[in-house]
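# Working through the structure, step by step
Given next are the chains, with one letter for each unit.
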Amino acid sequence: MDHTRKIDGRFNLVGGDFTNAGEASTQLKKILQLRGVKDSYIRRASIATFEAEMNVIIYTPAGILRYDVDDESIKITVEDMGPGIEDIDLAMQEGYSTAPEWVREMGWGAGMGLPNMKKNSDVFRIDSAPGEGTTVKMIIYLNKGEQS
Amino acid sequence: MTIGDIINQLSPDSFSIEPDRDIEIKDVYVSDLLSDVMANAGEGSLWITLQTHINIVAVASMKNMPAVILVNGRKPEGETVQKAASEGIALFGTDMHAFELAGRLYNMLHG
Ligand SMILES: Nc1ncnc2c1ncn2[C@@H]1O[C@H](COP(=O)(O)OP(=O)(O)OP(=O)(O)O)[C@@H](O)[C@H]1O
Ligand SMILES: [Mg+2]
(Lines give C-alpha, C1' and ligand atoms only; values in the text may rest on other atoms or scores of the structure.)
(Ligands and ions follow the chains in the order given, each with its own letter.)
Protein backbone atom coordinates (compact mmCIF):
# COMPACT_ATOMS: atom_id res chain seq x y z
CA MET A 1 0.00 0.00 0.00
CA ASP A 2 1.18 3.53 -0.79
CA HIS A 3 2.15 4.99 2.54
CA THR A 4 2.30 8.55 1.35
CA ARG A 5 -1.33 8.54 0.36
CA LYS A 6 -3.75 10.26 2.60
CA ILE A 7 -6.70 8.20 3.64
CA ASP A 8 -9.90 9.50 5.04
CA GLY A 9 -13.29 8.13 5.77
CA ARG A 10 -16.47 8.63 7.70
CA PHE A 11 -18.95 6.64 9.66
CA ASN A 12 -22.51 7.32 10.59
CA LEU A 13 -23.17 6.43 14.20
CA VAL A 14 -26.66 5.65 15.37
CA GLY A 15 -27.76 6.23 18.94
CA GLY A 16 -28.75 3.04 20.75
CA ASP A 17 -27.09 0.79 18.20
CA PHE A 18 -24.96 -1.23 20.61
CA THR A 19 -24.75 -4.14 18.18
CA ASN A 20 -22.63 -2.26 15.66
CA ALA A 21 -20.62 -0.38 18.24
CA GLY A 22 -16.94 -0.71 17.46
CA GLU A 23 -17.34 -0.91 13.67
CA ALA A 24 -15.68 2.45 13.10
CA SER A 25 -12.73 1.64 15.33
CA THR A 26 -12.41 -1.83 13.82
CA GLN A 27 -12.30 -0.43 10.28
CA LEU A 28 -9.82 2.26 11.26
CA LYS A 29 -7.67 -0.42 12.90
CA LYS A 30 -7.61 -2.46 9.67
CA ILE A 31 -6.66 0.57 7.59
CA LEU A 32 -3.84 1.43 9.96
CA GLN A 33 -2.61 -2.17 9.94
CA LEU A 34 -2.54 -2.17 6.13
CA ARG A 35 -0.45 0.97 6.21
CA GLY A 36 2.01 -0.68 8.54
CA VAL A 37 1.41 1.76 11.38
CA LYS A 38 3.01 0.57 14.59
CA ASP A 39 0.81 -1.45 16.95
CA SER A 40 1.11 0.99 19.83
CA TYR A 41 -0.40 3.81 17.73
CA ILE A 42 -3.10 1.52 16.40
CA ARG A 43 -4.05 0.50 19.91
CA ARG A 44 -4.31 4.09 21.07
CA ALA A 45 -6.35 5.12 18.04
CA SER A 46 -8.72 2.16 18.39
CA ILE A 47 -9.39 2.73 22.08
CA ALA A 48 -9.93 6.46 21.64
CA THR A 49 -12.23 5.88 18.66
CA PHE A 50 -14.23 3.17 20.37
CA GLU A 51 -14.81 5.29 23.49
CA ALA A 52 -15.96 8.17 21.29
CA GLU A 53 -18.28 5.87 19.34
CA MET A 54 -19.77 4.52 22.55
CA ASN A 55 -20.59 7.97 23.88
CA VAL A 56 -22.48 8.84 20.69
CA ILE A 57 -24.34 5.54 20.89
CA ILE A 58 -25.19 5.95 24.58
CA TYR A 59 -25.95 9.65 24.92
CA THR A 60 -27.11 10.89 21.52
CA PRO A 61 -29.51 10.06 18.68
CA ALA A 62 -26.82 10.21 15.99
CA GLY A 63 -23.34 11.36 15.07
CA ILE A 64 -20.62 11.26 12.46
CA LEU A 65 -17.11 9.99 12.94
CA ARG A 66 -14.41 11.12 10.51
CA TYR A 67 -10.83 10.04 10.28
CA ASP A 68 -7.87 11.40 8.36
CA VAL A 69 -4.66 9.44 8.22
CA ASP A 70 -1.38 10.48 6.64
CA ASP A 71 2.29 9.86 7.40
CA GLU A 72 2.29 12.36 10.21
CA SER A 73 -0.85 11.69 12.16
CA ILE A 74 -4.18 10.04 12.75
CA LYS A 75 -6.93 12.62 13.15
CA ILE A 76 -10.33 11.59 14.47
CA THR A 77 -13.32 13.90 14.71
CA VAL A 78 -16.62 12.82 16.23
CA GLU A 79 -19.53 15.16 15.95
CA ASP A 80 -22.94 14.39 17.38
CA MET A 81 -26.43 15.79 17.44
CA GLY A 82 -26.97 15.00 21.09
CA PRO A 83 -27.96 17.09 24.10
CA GLY A 84 -24.48 18.49 24.62
CA ILE A 85 -22.53 18.63 27.88
CA GLU A 86 -23.27 21.29 30.44
CA ASP A 87 -20.08 21.06 32.51
CA ILE A 88 -17.20 19.75 30.45
CA ASP A 89 -14.69 19.82 33.32
CA LEU A 90 -17.01 17.65 35.37
CA ALA A 91 -17.60 15.25 32.46
CA MET A 92 -13.82 14.92 32.03
CA GLN A 93 -13.39 13.77 35.63
CA GLU A 94 -12.69 10.09 35.97
CA GLY A 95 -15.67 8.42 37.60
CA TYR A 96 -18.26 11.00 36.63
CA SER A 97 -21.11 9.48 34.65
CA THR A 98 -24.75 10.11 33.91
CA ALA A 99 -25.24 6.73 32.25
CA PRO A 100 -28.65 5.24 33.06
CA GLU A 101 -28.93 2.05 35.08
CA TRP A 102 -29.47 -0.28 32.10
CA VAL A 103 -26.31 1.05 30.43
CA ARG A 104 -24.35 0.56 33.67
CA GLU A 105 -25.57 -3.01 33.81
CA MET A 106 -23.78 -3.50 30.48
CA GLY A 107 -20.55 -2.33 32.06
CA TRP A 108 -20.54 1.14 30.52
CA GLY A 109 -20.78 4.23 32.70
CA ALA A 110 -17.54 3.98 34.65
CA GLY A 111 -16.87 7.61 33.77
CA MET A 112 -13.61 6.63 32.11
CA GLY A 113 -14.36 7.14 28.41
CA LEU A 114 -13.39 10.79 28.01
CA PRO A 115 -10.29 10.36 30.22
CA ASN A 116 -9.33 7.32 28.11
CA MET A 117 -9.68 9.37 24.91
CA LYS A 118 -7.49 12.10 26.34
CA LYS A 119 -4.89 9.68 27.62
CA ASN A 120 -4.61 7.93 24.26
CA SER A 121 -4.33 11.02 22.08
CA ASP A 122 -1.65 13.69 21.75
CA VAL A 123 -4.18 16.43 21.10
CA PHE A 124 -7.64 16.18 22.61
CA ARG A 125 -10.30 18.81 22.22
CA ILE A 126 -13.93 18.72 23.21
CA ASP A 127 -16.47 21.38 22.28
CA SER A 128 -19.95 21.13 23.61
CA ALA A 129 -22.87 23.22 24.71
CA PRO A 130 -26.31 22.22 25.94
CA GLY A 131 -28.66 21.86 23.00
CA GLU A 132 -25.84 22.10 20.47
CA GLY A 133 -24.27 18.68 20.45
CA THR A 134 -20.71 17.67 21.13
CA THR A 135 -17.59 17.57 18.97
CA VAL A 136 -14.51 15.64 20.01
CA LYS A 137 -11.26 16.07 18.07
CA MET A 138 -8.30 13.84 18.65
CA ILE A 139 -4.87 13.69 17.02
CA ILE A 140 -2.30 10.96 17.43
CA TYR A 141 1.10 11.87 16.00
CA LEU A 142 2.98 9.10 14.25
CA ASN A 143 6.69 8.38 14.11
CA LYS A 144 7.61 10.60 16.98
CA GLY A 145 9.80 8.00 18.62
CA GLU A 146 9.06 4.82 20.47
CA GLN A 147 6.03 4.63 22.64
CA SER A 148 4.18 1.66 24.01
CA MET B 1 0.21 -21.00 31.45
CA THR B 2 -1.35 -21.78 28.10
CA ILE B 3 -4.96 -21.82 26.97
CA GLY B 4 -4.54 -25.59 26.86
CA ASP B 5 -3.59 -25.66 30.56
CA ILE B 6 -6.71 -23.69 31.39
CA ILE B 7 -8.91 -26.06 29.39
CA ASN B 8 -7.29 -29.10 31.00
CA GLN B 9 -7.40 -27.90 34.58
CA LEU B 10 -10.65 -25.93 34.72
CA SER B 11 -12.70 -27.64 31.97
CA PRO B 12 -14.69 -24.53 31.14
CA ASP B 13 -17.63 -24.53 28.73
CA SER B 14 -16.61 -23.35 25.27
CA PHE B 15 -19.07 -21.16 23.36
CA SER B 16 -17.12 -19.79 20.44
CA ILE B 17 -14.15 -21.04 18.45
CA GLU B 18 -11.83 -23.84 19.43
CA PRO B 19 -8.81 -21.77 20.40
CA ASP B 20 -5.16 -22.50 19.75
CA ARG B 21 -4.15 -24.35 22.91
CA ASP B 22 -0.55 -23.21 22.67
CA ILE B 23 -1.35 -19.54 23.19
CA GLU B 24 0.58 -18.36 26.23
CA ILE B 25 -1.33 -16.35 28.84
CA LYS B 26 0.90 -14.05 30.86
CA ASP B 27 -1.71 -11.97 32.63
CA VAL B 28 -5.36 -12.06 33.67
CA TYR B 29 -7.66 -9.09 34.24
CA VAL B 30 -10.91 -9.16 36.23
CA SER B 31 -13.44 -6.40 35.61
CA ASP B 32 -17.02 -5.81 34.55
CA LEU B 33 -16.41 -2.20 33.53
CA LEU B 34 -15.57 -2.02 29.87
CA SER B 35 -13.72 1.30 29.88
CA ASP B 36 -11.67 0.07 32.82
CA VAL B 37 -10.64 -2.97 30.81
CA MET B 38 -9.66 -0.77 27.88
CA ALA B 39 -7.63 1.48 30.16
CA ASN B 40 -5.98 -1.04 32.43
CA ALA B 41 -5.98 -4.59 31.11
CA GLY B 42 -2.67 -5.79 29.71
CA GLU B 43 -2.24 -6.56 26.02
CA GLY B 44 -3.09 -10.14 25.22
CA SER B 45 -4.32 -10.96 28.69
CA LEU B 46 -7.20 -13.23 29.60
CA TRP B 47 -10.35 -11.43 30.75
CA ILE B 48 -12.71 -12.59 33.48
CA THR B 49 -16.14 -10.92 33.48
CA LEU B 50 -19.84 -11.46 33.97
CA GLN B 51 -20.74 -9.22 31.02
CA THR B 52 -22.25 -11.28 28.20
CA HIS B 53 -23.27 -8.78 25.54
CA ILE B 54 -21.66 -8.14 22.16
CA ASN B 55 -19.54 -5.14 23.20
CA ILE B 56 -17.19 -7.39 25.19
CA VAL B 57 -15.90 -8.76 21.88
CA ALA B 58 -14.86 -5.33 20.61
CA VAL B 59 -13.15 -4.61 23.91
CA ALA B 60 -11.34 -7.95 23.89
CA SER B 61 -10.25 -7.50 20.29
CA MET B 62 -8.94 -4.00 21.04
CA LYS B 63 -6.72 -5.52 23.71
CA ASN B 64 -5.69 -8.46 21.49
CA MET B 65 -7.13 -10.85 24.04
CA PRO B 66 -7.27 -14.46 22.86
CA ALA B 67 -10.08 -15.43 25.24
CA VAL B 68 -12.74 -14.22 27.66
CA ILE B 69 -14.11 -16.31 30.55
CA LEU B 70 -17.66 -15.65 31.73
CA VAL B 71 -18.30 -16.43 35.38
CA ASN B 72 -21.30 -17.32 37.59
CA GLY B 73 -22.67 -19.70 34.96
CA ARG B 74 -23.50 -16.84 32.62
CA LYS B 75 -24.06 -17.64 28.96
CA PRO B 76 -23.11 -15.27 26.12
CA GLU B 77 -25.81 -13.78 23.96
CA GLY B 78 -26.14 -15.23 20.45
CA GLU B 79 -24.70 -12.19 18.70
CA THR B 80 -21.78 -12.19 21.13
CA VAL B 81 -20.94 -15.77 20.15
CA GLN B 82 -21.09 -14.95 16.42
CA LYS B 83 -18.97 -11.86 16.75
CA ALA B 84 -16.40 -13.64 18.91
CA ALA B 85 -16.14 -16.44 16.35
CA SER B 86 -15.63 -13.98 13.51
CA GLU B 87 -12.97 -12.09 15.47
CA GLY B 88 -11.21 -15.32 16.45
CA ILE B 89 -11.75 -14.83 20.17
CA ALA B 90 -12.51 -17.82 22.37
CA LEU B 91 -15.42 -17.50 24.80
CA PHE B 92 -15.40 -19.72 27.84
CA GLY B 93 -17.84 -20.06 30.70
CA THR B 94 -17.70 -21.46 34.20
CA ASP B 95 -19.99 -21.81 37.21
CA MET B 96 -17.22 -20.44 39.41
CA HIS B 97 -17.52 -16.87 40.56
CA ALA B 98 -14.81 -14.34 39.75
CA PHE B 99 -12.88 -14.67 43.02
CA GLU B 100 -12.62 -18.42 42.81
CA LEU B 101 -11.68 -18.46 39.14
CA ALA B 102 -9.15 -15.67 39.58
CA GLY B 103 -7.61 -17.56 42.52
CA ARG B 104 -7.27 -20.74 40.50
CA LEU B 105 -5.70 -18.89 37.58
CA TYR B 106 -3.41 -16.96 39.90
CA ASN B 107 -2.07 -20.20 41.32
CA MET B 108 -1.57 -21.61 37.84
CA LEU B 109 0.37 -18.51 36.80
CA HIS B 110 2.34 -17.74 39.93
CA GLY B 111 1.81 -20.67 42.32
N1 LIG C 1 -21.37 12.88 23.23
C2 LIG C 1 -21.91 13.17 24.44
N3 LIG C 1 -23.10 13.82 24.53
C4 LIG C 1 -23.64 14.10 25.73
N5 LIG C 1 -23.07 13.81 26.91
C6 LIG C 1 -21.88 13.18 26.88
C7 LIG C 1 -21.24 12.82 25.66
N8 LIG C 1 -20.07 12.23 25.95
C9 LIG C 1 -19.98 12.20 27.29
N10 LIG C 1 -21.06 12.79 27.86
C11 LIG C 1 -21.29 12.98 29.31
O12 LIG C 1 -20.04 12.89 29.99
C13 LIG C 1 -20.08 11.83 30.96
C14 LIG C 1 -18.73 11.17 31.04
O15 LIG C 1 -18.42 10.51 29.81
P16 LIG C 1 -17.34 9.34 29.80
O17 LIG C 1 -17.27 8.77 28.45
O18 LIG C 1 -16.08 9.86 30.40
O19 LIG C 1 -17.93 8.29 30.84
P20 LIG C 1 -19.23 7.36 30.68
O21 LIG C 1 -19.64 7.27 29.26
O22 LIG C 1 -20.24 7.83 31.64
O23 LIG C 1 -18.65 5.96 31.18
P24 LIG C 1 -17.62 5.01 30.36
O25 LIG C 1 -17.11 5.80 29.20
O26 LIG C 1 -16.55 4.69 31.36
O27 LIG C 1 -18.41 3.82 29.96
C28 LIG C 1 -21.21 10.93 30.47
O29 LIG C 1 -21.76 10.16 31.51
C30 LIG C 1 -22.20 11.94 29.92
O31 LIG C 1 -22.92 12.56 30.97
MG1 LIG D 1 -18.16 6.86 27.75
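Residues numbered from 1 in each chain as written. Chains lettered and ligands numbered in written order. Predicted model: local features only at pLDDT ≥ 70, side-chain atom pairs only at ≥ 80, totals over all residues. Heavy atoms only, no water.

### Thoughts on the packing of helix 2 (residues 39–59) of chain A against helix 3 (residues 55–62) of chain B
Operational definition: Here, axes are lines fitted to C-alpha atoms. For helices the fit covers the stretch in contact, and angles between N-to-C directions go from 0 to 180 degrees. Secondary structure counts use DSSP, requiring at least four H or I residues in a row for a helix and at least two E residues in a row for a strand, with both numbered from the N terminus. Angles below 35 degrees are treated as roughly parallel, those above 145 as roughly antiparallel, those between 65 and 115 as roughly perpendicular, and all remaining angles as oblique. What makes a crossing left-handed is the near helix being turned counterclockwise from the far one by less than a right angle; a clockwise turn instead makes it right-handed. Contacts are assigned to residue pairs with any non-hydrogen atoms lying within 4.5 Å of each other. Residue polarity is assigned by list, with Asp, Glu, Lys and Arg as charged and Ala, Val, Leu, Ile, Met, Phe, Trp, Tyr, Cys and Pro as nonpolar; anything else, Gly included, falls into the polar class.
Across the interface, helix 2 of chain A lies against helix 3 of chain B with an axial gap of 10 Å and an inter-helix angle of 160°. By the angle class used here, helix 2 of chain A and helix 3 of chain B are roughly antiparallel. Handedness of the crossing formed by helix 2 of chain A with helix 3 of chain B: left-handed. In this structure, helix 2 of chain A uses R43, S46, I47, F50 and M54 of chain A to contact helix 3 of chain B, whose residues at the interface are N55, A58, V59 and M62 of chain B. When its residues are assigned to classes, the contact of helix 2 of chain A with helix 3 of chain B shows 6 nonpolar, 2 polar and 1 charged.

### Some details on the interface of chain A and chain B
This is how the line gets drawn: We define a salt bridge as a contact between a side-chain nitrogen of Lys or Arg and a carboxyl oxygen of Asp or Glu at a distance within 4 Å.
Taken together, the contact pairs 22 residues of chain A with 22 residues of chain B. Notably, a salt bridge pairs K83 of chain B with E23 of chain A, separated by 3.1 Å at the nearest N-O pair. Sorting the residues of the side of chain A that touches chain B by element identifies helix 1 (23–34), helix 2 and helix 5 (113–120) of chain A as the ones contributing at least two each. At 6 residues, helix 2 of chain A tops the list of elements feeding residues into the side of chain A that touches chain B. Of the residues that constitute the side of chain A that touches chain B, the class distribution is 9 nonpolar, 7 polar and 6 charged.

### Considering the site of ligand 1
Selection rule: For this description, a residue counts as near a given molecule or strand if any of its non-hydrogen atoms is within 4 Å of it. We define a polar contact as two N or O atoms separated by no more than 3.5 Å, with the added condition that, inside protein, one atom must be a possible hydrogen donor and the other a possible acceptor, whereas residues neighbouring each other in sequence contribute only through side-chain atom pairs. Using a 1.4 Å probe, the Shrake-Rupley method yields the accessible areas, and only the shown protein chains count as cover for residues.
Around ligand 1, a shell composed of 22 residues is seen, among which Y59, D80, S97, T98 and G109 of chain A lie nearest. Taken together, the residues near ligand 1 originate from chains A and B. Between ligand 1 and N55 of chain A there is a distance of 2.8 Å, counted from an oxygen atom to a side-chain nitrogen or oxygen. Between ligand 1 and G109 of chain A there is a distance of 2.7 Å, counted from an oxygen atom to a backbone nitrogen or oxygen. In the complex, 95% of the free accessible area of ligand 1, which totals 600 Å², lies under the protein chains. Counting only elements with at least two residues in the shell around ligand 1, the list comes to helix 2 and helix 5 of chain A. For the shell around ligand 1, the residue count by class is 10 nonpolar, 10 polar and 2 charged.

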